[in-house]
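Understanding the architecture of this molecule
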Amino acid sequence: MQPSEPSRPDPAPDAARSDSTRSDSTNRHIRLLSHPGSYGVSPVPIRWGAATPAERGPLIGTLGDTARRNVIGSHSGSYAVYRALAVAARALDPEHQADLTDTTPTHVLGPHPQWHDPKRIVSLDPYGAIVHEVFRDYYAQGCDIRPTIAVTAAHLVLPEIHSAVAAGRLVPDGKVLLEDASCKVTKAAIEPAWHLPGIAERFGVDEGRLRRVLFEETGGMFSELVTRGDLEVFLPPIGGQTVYMFGDVSLLGKPGAHVTARVHDECNGSDVFGSDICTCRPYLTHAVEECVRGAQAGGVGVIVYFRKEGRALGEVTKFLVYNARKRQPGGDRAERYFARTECVAGVQDMRFQELMPDVLHWLGITHISRFVSMSNMKHDAVVNAGISIGERVRIPRELIPKDARVEMDAKVAAGYYTDSVRPEPGELAIAKGRALDAEPQPGVVVETADSAVVVEAAVAEAVASRGVKPE
């Protein structure tokens, strides 16, 4: 028996929604964006890194006027899928154009010389916050250009800063730190915009290979990656970044500016909920304290928060690794810290710090006086991008949670900055992480195909360490 055809939703009651428009997509043909007729004969040109915004041209990723589209993908990063769901559910009119009245940045950031260097910035649109200003002529022509950066002002209320004030480490000044211990900040939200030729050059890969792998490894989601070589900008469906700035942001990019900075990769468990298996929140809040102190001394503080959960491996992978670490024979120890991640994910880290300095270039930063990070990968990426670093600030030892000693020992042994002695191999072999709570038999691995491999590998490793060949 043939399966029945799925029922089609009733037409929307809104009389303004015509069958001839995008508002009712069930009554029109599907248009493949890779088809030449889906774009104009000549989309609005983009000259990445041009000397002026008029020469560079706007990024047009909206879907209402496909003739003017000049990018692959659509706006809103990973939230583009939710937008599609809202359209499918008829909660959002796909023809809606944003009313950007009173949405302009609260503070002026840039322009800086780095904005016009195609090698300095390849992963974001430096003009993303001021499209309404620099592309006014295109708006007059009816182009639907959306900001990819938004700048606003806020107050941060953190219990750790309250504690710093109570302990006398910080003193409210009424400008950066208010009497109620809240911090005044300028913050910018940034969506990714990848210049594919620049991305390929940054990673030292062929652009054709980059496009093909992006197409294949996203399940063929963006066919234009391989069919539209004339489109060089990709709006990837990934998380963006947020910049929190303390003090006078007009100092950014000026010679002699004293910048305190931390680049932080998302860790929901620690940053938001206080999980003690890592140092993420303690280091983040310590960086806030350092930024406040630097801003009060006449400098500016910068914290960049990237959406790269679990070293960009994702939270599911991260939790699987937690279980593997806690259940492995011999307990949770630093010598196996990175190996357990690689066993699950196939790689230790996918954050690719090569793209990270772009946001610092967007801010005009050429020197960081105090870099609140121990990461050798972040340090090297910043320095290799032409930004010098003065002092490196490690996390105070008293802020390291007991269960995070495994992480800290492993990272310091692997090359993280430290002002003390690196742990010896014997120290790394000591189990310092606690067992899983409420685990009936800590250390016993449930027999599955994957866990059997883990056990076999552990037994082989233990036997080999005694100099005995396994049978």
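For the structure, see preceding data.
These numbers come from a predicted model, not from an experiment.

1. Some words on the pattern of salt bridges
When the charged atoms of two side chains lie near each other, side chains of opposite charge can form a pair. Inspection of the entire model under this criterion finds 30 salt bridges. Each of the salt bridges in this network shares a partner with another, and the network as a whole consists of Arg169, Glu289, Glu290, Arg293, Arg370 and Glu391.

2. Comments concerning the sheet that holds strand β4 (residues 194–195)
Taking strand neighbours across the sheet as the criterion, the three strands line up as β1-β5-β4 in an open arrangement whose pairing is mixed. Either end of the sheet is taken by a strand with one partner, and the two such strands are β1 (72–73) and β4. Sheet topology places β1 next to strand β5 (residues 233–235); two bridges connect them, and they run parallel. What sits directly across from Ile72, in β5, is Phe234.

3. Looking at the packing of aromatic side chains
Evaluation of the coordinates by the stated rule reveals nine aromatic pairs. Three or more aromatic residues link up through ring pairs in this structure, and these residues are Trp115, Tyr127, Phe135 and Tyr138. Across the ring face of Tyr283, the terminal group of Arg262 is positioned such that the distance to the ring centre comes to 4.1 Å. We note Lys308 situated over the ring of Phe306; from NZ or CZ to the ring centre the distance is 4.4 Å.

4. A word on helix α10 (residues 280–296)
With 17 residues, α10 extends 24 Å from end C-alpha to end C-alpha; this agrees with the ideal 24 Å at 1.5 Å per step. For α10, the buried fraction is high: 15 of the 17 residues fall into the buried class. Gly298 lies just past α10 and shows a positive phi near 100°.

5. Regarding the nonpolar core
The biggest cluster of nonpolar side chains holds 42 residues, and the ones touching the most others in it are Leu252, Val302 and Trp362. Only β2 (149–156), β3 (183–190), β6 (241–247), β7 (259–265), β8 (300–306), α14 (357–362), β10 (367–371) and α15 (376–384) provide two or more residues apiece to this core. The dominant element in this core, judged by the number of residues it contributes, is β8, at four residues. In contact with Trp362, not counting residues within four places along its chain, are Leu109, His112, Trp115, Ile121, Leu124, Pro126, Ile149, Ala188 and Ile190. Counting residues in each nonpolar core, the second largest holds 29 residues, with Leu177, Val185, Phe246 and Val412 among its members.

6. Let's talk about the sheet that holds β3
Reading across the sheet, the seven strands line up as β2-β3-β6-β8-β7-β10-β11 and stay open at both edges, with mixed pairing between neighbours. Two strands bound the open sheet, and with one partner strand each, they are β2 and β11 (388–392). Recorded for the sheet is a direction-independent mean angle of 25° between the axes of neighbouring strands. Where β6 meets β8, seven bridges bridge the pair, whose relative direction is antiparallel.

7. Some points on empty space enclosed by the protein
Counted by the stated rule, this structure contains three cavities of 30 Å³ or more. Roughly 500 Å³ of internal volume is contained in the largest cavity. In terms of lining residues, the largest cavity is bounded by 29 residues, among which Cys280, Arg311, Arg351, Glu407 and Lys411 are the most central. For the lining of the largest cavity, the secondary-structure elements that each account for two or more residues are β7, α10, α11 (309–312), α12 (315–327), α13 (337–345) and α16 (405–414). Tallying contributions element by element places α12 first for the lining of the largest cavity, with four residues. The class makeup of the residues in the lining of the largest cavity is twelve nonpolar, six polar and eleven charged.

8. Section: the packing of helix α5 (residues 159–166) against α10
Closest axis-to-axis distance for the α5/α10 pair is 9 Å, and the angle between their directions is 55°. Compared by their axis directions, α5 and α10 come out oblique. Crossing of α5 against α10: the hand is right-handed. When α5 is examined against α10, the residues Pro159, Glu160, Ile161 and Ala164 are found in contact with a partner set consisting of Arg281, Thr285, Val288 and Glu289. Looking at the contact of α5 with α10 residue by residue, the class counts come to four nonpolar, one polar and three charged.

9. Description of unusual backbone geometry
Trans peptide bonds make up most of the peptide bonds, and negative phi angles are found at most residues other than glycine. Going from Gly110 to Pro111, the amide bond is cis rather than trans, its omega being 0°. Take Pro111: it is sitting in the loop between α2 (80–88) and α3 (131–134). The backbone of Arg90 shows a phi angle near 60°, a positive value even though the residue is not glycine. On the secondary structure map, Arg90 appears in the loop between α2 and α3.

10. Here we look at the environment of His264
Mapped onto the secondary structure, His264 falls in strand β7. Residue class for His264 comes out buried when judged on its relative accessible area of 1%. His264 sits 23 residues away from Gln241 along the chain, and the two C-alpha atoms are 9.7 Å apart. When neighbours within four sequence positions are excluded, His264 is seen to be in contact with Asp271, Cys280, Leu284, Val304, Tyr305, Phe306 and Lys378. Of note is the side chain of His264, whose polar atom sits 3.2 Å from the side chain of Asp271.

Cut-offs applied
- Residues numbered from 1 in each chain as written.
- Predicted model: local features only at pLDDT ≥ 70, side-chain atom pairs only at ≥ 80, totals over all residues.
- Heavy atoms only, no water.
- Salt bridge = Lys/Arg side-chain N within 4 Å of Asp/Glu carboxyl O.
- Pairing = 2+ DSSP bridges.
- Helix = DSSP H or I, 4+ residues; strand = E, 2+ residues; numbered from the N terminus.
- Phe/Tyr/Trp six-rings, centres within 6.5 Å; stacked < 30°, edge-to-face > 60°.
- Lys NZ or Arg CZ within 6 Å of the ring centre and 35° of its normal.
- Expected span 1.5 Å × (residues − 1).
- Buried < 20%, exposed > 50% of the residue type's maximum accessible area, 1.4 Å probe, protein only.
- Core = buried A, V, L, I, M, F, W, Y, C linked by side-chain atoms within 4.5 Å.
- Contact = heavy atoms within 4.5 Å.
- Axes fitted to C-alpha atoms, helices over the stretch in contact; angles between N-to-C directions.
- 1 Å grid on protein atoms, 1.4 Å probe; cavity = no way out; pocket = protein on both sides within 12 Å on 5 of 7 lines; lining within 4 Å.
- Points joined across faces, edges and corners; volume = space filled by probe spheres on them.
- Nonpolar A, V, L, I, M, F, W, Y, C, P; charged D, E, K, R; others polar.
- Parallel < 35°, antiparallel > 145°, perpendicular 65-115°, else oblique.
- Left-handed = near helix turned anticlockwise from the far one by under 90°.
- Polar contact = N/O pair within 3.5 Å; in protein donor to acceptor, adjacent residues only side chain to side chain.

Purely geometric stuff here, so don't read any function into it on its own.
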